[in-house]
2 protein chains.
Amino acid sequence: MDLKLQSPETIETMRKETREAYEAFQAMKLQLNMARGNPSPEQLALTMPMMNTISPEDSLITENGEDCRNYGVPNGIVEAKKLIGELLGVPADEVFVAGNSSLQLMFNCFQIAFTHGIAGSTPWCKQEDLKFLCPVPGYDRHFAVADYFGLKLIPVPMQADGPDMDMVAQYVENDPSVKGMWCVPVYSNPTGVVYSDAVVRRIAALKPAAKDFRVFWDNAYCIHHVVENPVTPLRITDACKEFGSEDMIYQFVSTSKVTFAGAGIAAVNMSKANMAQFSKEMGIQTIGFDKINQMRHVRFFGNAKGVTEHMKKHAALLKPKFDVVIEMLEQELKPLGLGSWNVPQGGYFISYQAPKGCAKRIVQLCKEAGVTLTPAGATYPYGNDPDDSNIRIAPTYPSVDALRKTMELFCLCVKIAALEQIK
Amino acid sequence: MDLKLQSPETIETMRKETREAYEAFQAMKLQLNMARGNPSPEQLALTMPMMNTISPEDSLITENGEDCRNYGVPNGIVEAKKLIGELLGVPADEVFVAGNSSLQLMFNCFQIAFTHGIAGSTPWCKQEDLKFLCPVPGYDRHFAVADYFGLKLIPVPMQADGPDMDMVAQYVENDPSVKGMWCVPVYSNPTGVVYSDAVVRRIAALKPAAKDFRVFWDNAYCIHHVVENPVTPLRITDACKEFGSEDMIYQFVSTSKVTFAGAGIAAVNMSKANMAQFSKEMGIQTIGFDKINQMRHVRFFGNAKGVTEHMKKHAALLKPKFDVVIEMLEQELKPLGLGSWNVPQGGYFISYQAPKGCAKRIVQLCKEAGVTLTPAGATYPYGNDPDDSNIRIAPTYPSVDALRKTMELFCLCVKIAALEQIK
């Protein structure tokens with residue numbers, strides 16, 4: 001059933017029905033914020049036993065003999081480096097464990113490149129008209145960091161298997177002003193795409209025109225599966241070994257959506273050469289991050305298996321939420337051919353492609369009925385979605401019931417917006 | 001008794017005796033690192049009950065209804081802002097509570113000034129030949145931050161009541177390339193000097209030539225008294241109100257030497273105008289700091305009185321250590337007129353002024369007998385103490401007995417170095 005082929009009477013009836021349904025929603029005075037990928041209280045509760053992990057009588061001495069309570073150990077305690085290394089399949093000494101924010105580590109890498117330059121290159125603040133590749137739709141906070149340092153954000157379309165690598169290679173290998181690229185390789189924010197092995201290998205094989213080009217590989221969701229038998233994508237670090245391009249990658253990870261969004265631990269994995277510079281420059285700004293929280297995490301999980309077991313508990317909470325979103329979209333919008341969406345195997349988002357020109361209106365309609373979504377356009381550099389089509393649905397925080405209600409409203413708003421487009 | 005007036009025989013005898021005593025020390029194979037102002041294990045143990053402050057059953061919802069476990073609340077939880085505000089005598093909404101490192105907050109302020117400029121001024125990265133005032137002797141990590149951003153470090157002599165304010169005013173009020181000044185107003189690192197009210201008032205009254213001039217007021221030791229009735233210096237924030245210069249000050253504080261050096265909380269206090277910019281720019285790099293650790297601190301202390309009570313326990317551990325250092329200096333060096341030192345009322349250091357040209361040699365001699373001190377020169381910009389005289393003694397970490405032994409060695413090394421100077 002294509003709306004555009006319906007009779008004026010049918011359209012009129014649908015308009016009336018959807019308007020009435022919408023008014024009923026407004027009367028409910030919903031108040032729900034789904035703008036961000038926040039874990040739910042139930043997810044956060046999974047980690048509360050961590051509060052008992054360290055008692056006042058416990059030793060906080062690392063296996064290297066360092067006191068977690070005192071200054072020092074700027075790259076993180078060895079136990080935490082091993083844990084993260086095990087999860088990422090990289091050596092512990094190529095892991096730097098920091099505070100609670102991987103975004104801050106990404107920012108640190110930008111700051112170093114901007115103020116001091118990467119590996120002896122001219123600092124970005126002394127180069128002109130630099131560019132940064134941004135697969136779209138993508139993550140607004142990524143874009144904001146690159147924009148903050150004055151780099152021009154270049155959108156690169158995401159495809160079913162990762163970013164358009166022909167376009168990426170064209171930019172990276174020919175234009176020395178292209179200094180880097182954002183990647184969320186597993187359950188990409190918001191598309192849920194997992195980069196194929198071929199794409200990972202093409203990224204590793206890039207021969208950048210700029211020697212200070214870096215791939216910011218934000219592996220935020222590498223263990224955030226909602227299905228039982230997830231794909232196991234090729235590791236970028238393994239691919240880079242084939243091509244000798246280890247220095248091109250900064251890989252970020254955190255436990256923000258594993259333990260606590262507000263009090264997890266974050267880490268960056270990089271080659272020894274990159275690590276030498278990074279450690280040196282970070283040493284100017286801090287005498288070390290919170291090592292007690294690092295130890296708390298190590299003791300809570302024990303090892304990487306402990307982490308993956310913990311993630312199954314998250315999956316059990318998240319699966320019904322992803323299901324309800326897909327179910328409602330299939331039920332309400334598929335018959336009308338209104339938009340398209342991904343069915344992610346993990347991560348935190350469902351990416352909805354609305355009929356062209358409808359996204360802003362849908363978000364506005366939801367807002368006016370009490371549901372705040374991620375602003376339309378936020379998934380594009382400068383907030384500019386040329387099709388005004390992409391909407392990021394963040395299903396993790398609300399309860400299943402609230403989410404079902406919200407998705408009813410959402411689908412209704414899609415219909416209203418689509419009906420408004422018909423002259 | 002002046003060494004230079006002694007007979008060659010007396011000098012020869014002293015040389016022999018000190019050399020023998022030194023060899024005896026070397027035979028002991030001491031291994032002690034006093035390079036840094038680290039709290040001792042006994043001090044760290046004082047805070048271990050904090051590990052029980054939050055149990056798995058506890059709510060972690062702030063009084064504003066925010067969940068400490070989730071994302072958000074970028075400026076810190078209101079409970080922590082009130083606690084720090086109470087300690088500093090400033091409004092809670094002029095406090096930004098962050099992670100575990102005040103040094104990092106200082107770095108953040110530099111970074112913002114460098115990459116984006118303060119309050120609309122040209123970013124420092126686009127201005128040439130900038131300068132930063134550094135009271136000397138001072139703190140090497142402070143100097144390193146300003147140096148990292150390419151500012152020329154200008155030494156300003158510390159006097160008994162604070163930095164030489166005539167020199168400061170001369171620079172600040174006439175030279176627009178002077179962009180800031182380091183201050184440790186209470187128990188200055190390493191001199192132990194407390195700025196007098198007159199000095200605080202003169203700082204507040206400065207009329208900088210550069211409108212992006214800022215005083216980095218590192219109030220690291222504001223509650224770190226070792227005496228019972230400490231002086232209560234004029235608050236810079238109160239002084240600035242007199243002169244309308246509130247925007248000129250960034251005030252930093254942390255609990256690194258109150259709770260855990262590795263896992264405390266840090267904060268910056270600034271005017272509302274400064275805070276607006278700072279919050280906005282910090283919002284690019286993080287979605288918020290570790291709020292659980294902020295809440296842990298709030299619950300552990302309850303209020304500012306809880307903090308000052310806790311500090312008395314530190315004082316009880318530190319007083320005997322400060323005493324032993326002073327006692328040994330008085331006993332061993334005073335009769336020979338070898339050098340001078342301060343008798344601090346708090347803080348973490350004792351500043352020793354060796355006979356000119358002896359500091360490096362003393363540190364080397366201590367090192368070769370197994371005791372690592374802060375490198376001579378470290379308390380001056382670029383490691384350059386023109387008199388080769390200042391040595392920072394950090395008495396907090398060793399036990400009283402080990403410290404007595406170390407000070408024996410230290411005094412011996414001073415004598416050897418002084419004797420070597422006599423032709």
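The present account deals with the structure reproduced in this document.

Rules used in this analysis
- Residues numbered from 1 in each chain as written.
- Chains lettered and ligands numbered in written order.
- Predicted model: local features only at pLDDT ≥ 70, side-chain atom pairs only at ≥ 80, totals over all residues.
- Heavy atoms only, no water.
- Contact = heavy atoms within 4.5 Å.
- Buried area = accessible area lost by both parts, 1.4 Å probe.
- Salt bridge = Lys/Arg side-chain N within 4 Å of Asp/Glu carboxyl O.
- Polar contact = N/O pair within 3.5 Å; in protein donor to acceptor, adjacent residues only side chain to side chain.
- Helix = DSSP H or I, 4+ residues; strand = E, 2+ residues; numbered from the N terminus.
- Axes fitted to C-alpha atoms, helices over the stretch in contact; angles between N-to-C directions.
- Parallel < 35°, antiparallel > 145°, perpendicular 65-115°, else oblique.
- Left-handed = near helix turned anticlockwise from the far one by under 90°.
- Nonpolar A, V, L, I, M, F, W, Y, C, P; charged D, E, K, R; others polar.
- Pairing = 2+ DSSP bridges.
- Buried < 20%, exposed > 50% of the residue type's maximum accessible area, 1.4 Å probe, protein only.
- Phe/Tyr/Trp six-rings, centres within 6.5 Å; stacked < 30°, edge-to-face > 60°.
- 1 Å grid on protein atoms, 1.4 Å probe; cavity = no way out; pocket = protein on both sides within 12 Å on 5 of 7 lines; lining within 4 Å.
- Points joined across faces, edges and corners; volume = space filled by probe spheres on them.

### A look at the interface of chain A and chain B
Opposite the 58 residues of chain A that make contact, chain B presents 58 residues. Together, R69(A), Y71(A) and Y148(A) form the three largest contributors to the area buried by chain A at its contact with chain B, with a combined 16%. Viewed at the interface, chain B and chain A are joined by 0 salt bridges. The interface formed by chain A and chain B holds 21 residue pairs in polar contact (both at pLDDT 80 or more) in total. Secondary structure elements with two or more residues in the side of chain A that touches chain B: α2 (41-45), α4 (102-115), α5 (140-148), α9 (272-285) and α10 (291-301) of chain A. Element by element, the count of residues in the side of chain A that touches chain B is highest for α4(A), at 7 residues.

### With respect to the packing of helix α7 (residues 197-204) of chain B against helix α8 (residues 236-243) of chain B
Residues and elements named next belong to chain B. Between α7 and α8, the least distance of the axes is 8 Å, while the angle of their chain directions is 50 degrees. Classified by the angle their axes make, α7 and α8 are oblique. Our pair here, α7 against α8, has a crossing hand that is right-handed. Here V200, R201, I203 and A204 of α7 lie close against α8, whose contacting residues are I236, A239, C240, E242 and F243.

### Re the packing of helix α4 (residues 102-115) of chain B against helix α5 (residues 140-148) of chain B
All names here are of chain B. Running from amino to carboxyl end, α4 crosses α5 at an angle of 25 degrees, the nearest separation of the two axes being 10 Å. As far as their axial angle goes, α5 and α4 are roughly parallel. Here the hand of the crossing between α4 and α5 comes out right-handed. Along the contact surface, α4 presents L103, M106, F107 and F110, while α5 presents R141, H142, V145, A146 and Y148. Class assignment for the residues of the contact of α4 with α5 results in 7 nonpolar, 1 polar and 1 charged.

### Topic: unusual backbone geometry
The linkage connecting N189(A) with the following residue, P190(A), adopts the cis geometry, with an omega of 5 degrees. Position of P190(A) among the secondary structure elements: in the loop between β6 (178-183) and α7 (197-204). A cis amide bond links V136(B) with the next residue in sequence, P137(B), at an omega value of -5 degrees. With respect to the helices and strands, P137(B) occurs in the loop between β3 (131-136) and α5. Despite not being glycine, K29(A) has its phi angle at roughly 50 degrees, a positive value. Positionally, K29(A) belongs in the loop between α1 (8-28) and β1 (32-34). For V73(B), which is not glycine, the phi torsion reads 55 degrees and is therefore positive. Note on placement: V73(B) falls in the loop between α2 (41-45) and α3 (78-88).

### Details of the pairing of strand β11 (residues 350-353) of chain B
Residue and element names in this part refer to chain B. Summarising the sheet, strand β10 (residues 340-341) and β11 pair through 2 bridges and their orientation is antiparallel. Counterpart to S340 in the pairing with β11 is Q353. Judged from the 4 bridges that link them, β11 and strand β13 (residues 390-393) form a sheet pairing that is antiparallel. In the strand pairing of β13, Q353 is matched with N390.

### Examining α5(B)
All names here are of chain B. α5 sits mainly inside the fold: 7 of its 9 residues count as buried. For α5, the full list of buried residues reads D140, R141, H142, F143, V145, A146 and Y148. The first or second residue beyond α5 is G150, which carries a positive phi of 80 degrees.

### Overview of the environment of K152(A)
All names here are of chain A. Residue placement: K152 occurs in strand β4 (residues 152-159). Taking relative accessible area as the criterion, K152 reaches 49% and is therefore assigned partly exposed. For K152 and L133, which are 19 residues apart along the polypeptide, the C-alpha to C-alpha distance reads 8.5 Å. The contact partners of K152, leaving out residues within four places of it in the chain, are L130, K131, F132 and Y382.

### Some details on the packing of aromatic side chains
All names here are of chain B. Scanning all chains against the criterion turns up 46 aromatic pairs over all chains. When the centroid spacing of 4.6 Å and the interplanar angle of 40 degrees are considered together, the rings of F110 and F216 count as tilted. Of the two residues, F110 is situated in helix α4 and F216 in strand β7 (residues 214-218); the sequence distance between them amounts to 106 residues. Exposure class is identical for F110 and F216. Each is buried. Ring centres of W182 and F216 lie 5.3 Å apart, and the angle between their planes is 65 degrees; on these two criteria the pair is classed as edge-to-face. Residue W182 is located in strand β6 (residues 178-183), and its partner F216 is located in strand β7; the two are separated by 34 residues in the primary sequence.

### Some remarks on empty space enclosed by the protein
All chains considered together, the criterion is met by 14 cavities of 30 Å³ or more. Taken as a whole, the largest cavity encloses approximately 180 Å³ of empty space. Lining the largest cavity are 18 residues, with G99(A), N100(A), G99(B), N100(B) and D290(B) positioned closest to its centre. In terms of residue class, the lining of the largest cavity is built from 6 nonpolar, 10 polar and 2 charged.

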